[in-house]
Amino acid sequence: MKVSRYNYPHQLGEGVEELMEDFRRMLLGGHYILGEEVGAFEAQFAAYLGARHVRGVNTGTDALILALLALGVGVGDEVITQANTFNATVTAIRAVGATPVLVDADDHAFAISLEQLEDAVTERCRAIIPVHLYGKPAPMQPILELARSRGIAIVEDAAQAHGARLNGVRVGTLGDLGCFSFHPSKNLSAAGDGGAVATNDPDLEQQVAMRRVLGQRAQNQHVVFGLNSKLDAIQARILSHKLPRLDRWNEQRRHIAAMYRQRLNGLPLRFQSTSADEEHVYHLFQIRTDRRDGLLAELRSCGIDAVVRYPIPIHLQPAFDDLGWKPGQFPTSERLANELLCLPIRPDMTEAEVGLVVDYVHAFFSGGT
Ligand SMILES: *Cc1c(COP(=O)(O)O)cnc(C)c1O
């Protein structure tokens, strides 16, 4: 690839020698799971987010499952989310035995459609999971108002939006619980799997803390159902090392996104909408065109690591066949699945790399390739 989507050595940031020394100390000292390093990262991430509590867990998927378990969501309950999300959001709902209820996407923001959300709420609805998709904050104010008025909990899927802000407040702290993933592809990433749940509610924090250790209140006292889902100390140490650099990296992502928007202006393309009250962190940079498949093939053949996120909406995935969703049921999500394309975006991307991508996109639309 001439322009790739990831640069793992850069992601590890500066000061890697100091990290290696710490790894040696930790490996020889038997610091493997939870413990001091995880506690330090939890406190650091909570301070960064402006949340009262953070608990480190095994993955972003587990963070969502544990958040729903903490709320007591289970069999017979409904949980609403959007049809254009990553599989994990819906898998988490099913994992606790609840029924996922889908809402279509907004055609401009690619967030959960506010128009359809209200109609999807039934007596059985216990929670809504808005997704801060691609790093753009979901429209939390109206979602929170609806949820509060109906006694429904909000679990934010912030797996793609570490550091994003809405009216100056970090996402993941606006609802009852916020869920993060530290998968290597994410804006804040471990060297393996990792996840976290943030909350301002001490009771929910207690629930998550117990339920990530098989429901134990103290050793051998298993008082509720739980998972075995803990953050590794090594991963926490890496996350503590990277977190002070996250805002700079997100700023660089915004700078690259601005270059793309400016230099692709005038082509028959659309972009994810933006609004003045938000700070997008561009986990992914999306362009939208009805010539998507041709452009994708062209870019990839030129060595540009463009990809589609996500080519099949949730309601058309075979894993969910038993839920009875039909093609055409969520038309905006289907259009987005057919028309969106991610251009490479990395904090360390050079202007020359952006220029190369832009030139190939221009060439495609001018029929030059
Ligand atoms: C990555 C992701 C998850 C799941 O995170 P894992 O750590 O891979 O389990 C959940 N939701 C969204 C929107 C994601 O992008």
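Remember, predicted model here, so these are calculated numbers, not experimental data. (Residues numbered from 1 in each chain as written. Predicted model: local features only at pLDDT ≥ 70, side-chain atom pairs only at ≥ 80, totals over all residues. Heavy atoms only, no water.)

A few points about the overall build of the chain
Then, in step 1: Of regular secondary structure, the chain possesses twelve helices and 15 strands.
Then, in step 2: Since a compact globule built from 369 residues should have a radius of gyration of about 21 Å, the 21 Å found for the chain is in line with a globular shape.
Then, in step 3: Expressed as a percentage of its 369 residues, the buried residues of the chain come to 59%.
Then, in step 4: Taking the contacts inside the chain whose residues are at least 6 apart along the sequence as the reference set, 71% of them involve residues at least 24 apart.
Then, in step 5: When the accessible surface of the chain is split by element, carbon and sulfur atoms take 50% of a total near 15100 Å².
Then, in step 6: Looking at the chain, you have 36 positive and 44 negative side-chain charges, and the mean spots of the two groups are 2 Å apart. (Helix = DSSP H or I, 4+ residues; strand = E, 2+ residues; numbered from the N terminus. Rg over C-alpha atoms; globule rule 2.2 N^0.38 Å. Buried < 20%, exposed > 50% of the residue type's maximum accessible area, 1.4 Å probe, protein only. Contact = heavy atoms within 4.5 Å. Areas by Shrake-Rupley, 256 points an atom, 1.4 Å probe, with all protein chains shown as cover. Lys, Arg positive; Asp, Glu negative; His and termini not counted. Charge placed at Lys NZ, Arg CZ, Asp CG, Glu CD.)

Here's the deal with the layout of surface pockets
Then, in step 1: Here the largest pocket defines a volume of roughly 410 Å³.
Then, in step 2: Residue lining of the largest pocket: 27 residues in total, with Phe86, Ser181, Ser185, Lys186 and Tyr310 positioned closest to the centre.
Then, in step 3: Going through the elements one at a time, helix 4 (60–70), helix 5 (87–95) and strand 8 (177–181) are the ones with two or more residues in the lining of the largest pocket.
Then, in step 4: Along the lines of polarity and charge, the residues of the lining of the largest pocket split into twelve nonpolar, ten polar and five charged.
Then, in step 5: A breakdown of the residues in the lining of the second largest pocket according to their chemical character gives eleven nonpolar, six polar and seven charged. (1 Å grid on protein atoms, 1.4 Å probe; cavity = no way out; pocket = protein on both sides within 12 Å on 5 of 7 lines; lining within 4 Å. Points joined across faces, edges and corners; volume = space filled by probe spheres on them. Nonpolar A, V, L, I, M, F, W, Y, C, P; charged D, E, K, R; others polar.)

Some points on helix 9 (residues 233–263)
Then, in step 1: If you check helix 9, its first and last C-alpha atoms are 43 Å apart, about what 31 residues at 1.5 Å a residue would give, namely 45 Å.
Then, in step 2: Taking the largest bend as the criterion, helix 9 deviates by roughly 50°, centred on Arg245. (Expected span 1.5 Å × (residues − 1). Bend = angle between axes of the 7 residues up to and from the residue.)

A short note on the sheet that holds strand 5 (residues 153–157)
Then, in step 1: Spatial strand order, 1-9-8-5-4-2-3: seven strands in an open sheet with mixed pairing. Looking at which strands have only one partner, the edges of the open sheet turn out to be strand 1 (53–57) and strand 3 (99–103). For this sheet the average axis-to-axis angle between neighbouring strands, irrespective of direction, equals 25°.
Then, in step 2: Pairing of strand 5 with strand 8, which is carried by three bridges, proceeds in the parallel orientation. When the bridges of strand 8 are listed, Glu156 appears paired with Gly178.
Then, in step 3: Lying over the sheet, helix 3 (residues 35–49) contacts strand 1, strand 8 and strand 9 (195–199), oriented at roughly 130° with respect to strand 1.
Then, in step 4: Seen against the sheet, helix 8 (residues 202–211) touches strand 1, strand 8 and strand 9 and runs at an angle of roughly 15° to strand 1. (Pairing = 2+ DSSP bridges. Axes fitted to C-alpha atoms, helices over the stretch in contact; angles between N-to-C directions.)

With respect to the sheet that holds strand 13 (residues 278–279)
Then, in step 1: Strand order in the open sheet formed by three strands is 7-6-13, with antiparallel pairing between adjacent strands. Edge positions in the sheet fall to strand 7 (169–170) and strand 13, since each of these pairs with one other strand and no more.
Then, in step 2: Note that strand 6 (residues 165–166) and strand 13 share two bridges and pair antiparallel. Residue pairing for strand 13: Arg165 is matched across the bridge by Glu279.

Overview of the site of the ligand
Then, in step 1: Lining the immediate environment of the ligand, one finds 14 residues, of which Gly60, Thr61, Asp157, Ser181 and Lys186 sit closest.
Then, in step 2: Taking Gln160, its side chain carries an N or O atom lying 2.8 Å from an oxygen atom of the ligand.
Then, in step 3: One of the side-chain nitrogen or oxygen atoms of Lys186 is found 2.7 Å away from an oxygen atom of the ligand.
Then, in step 4: Protein chains shield 93% of the accessible area of the ligand, which is 380 Å² for the free molecule.
Then, in step 5: Comparing atom positions with the cavity grids shows the ligand to sit within the largest pocket.
Then, in step 6: Across the shell around the ligand, the residue classes tally to five nonpolar, seven polar and two charged. (Near = heavy atom within 4 Å. Polar contact = N/O pair within 3.5 Å; in protein donor to acceptor, adjacent residues only side chain to side chain. Sits in = over half its atoms within 2 Å of the grid points.)

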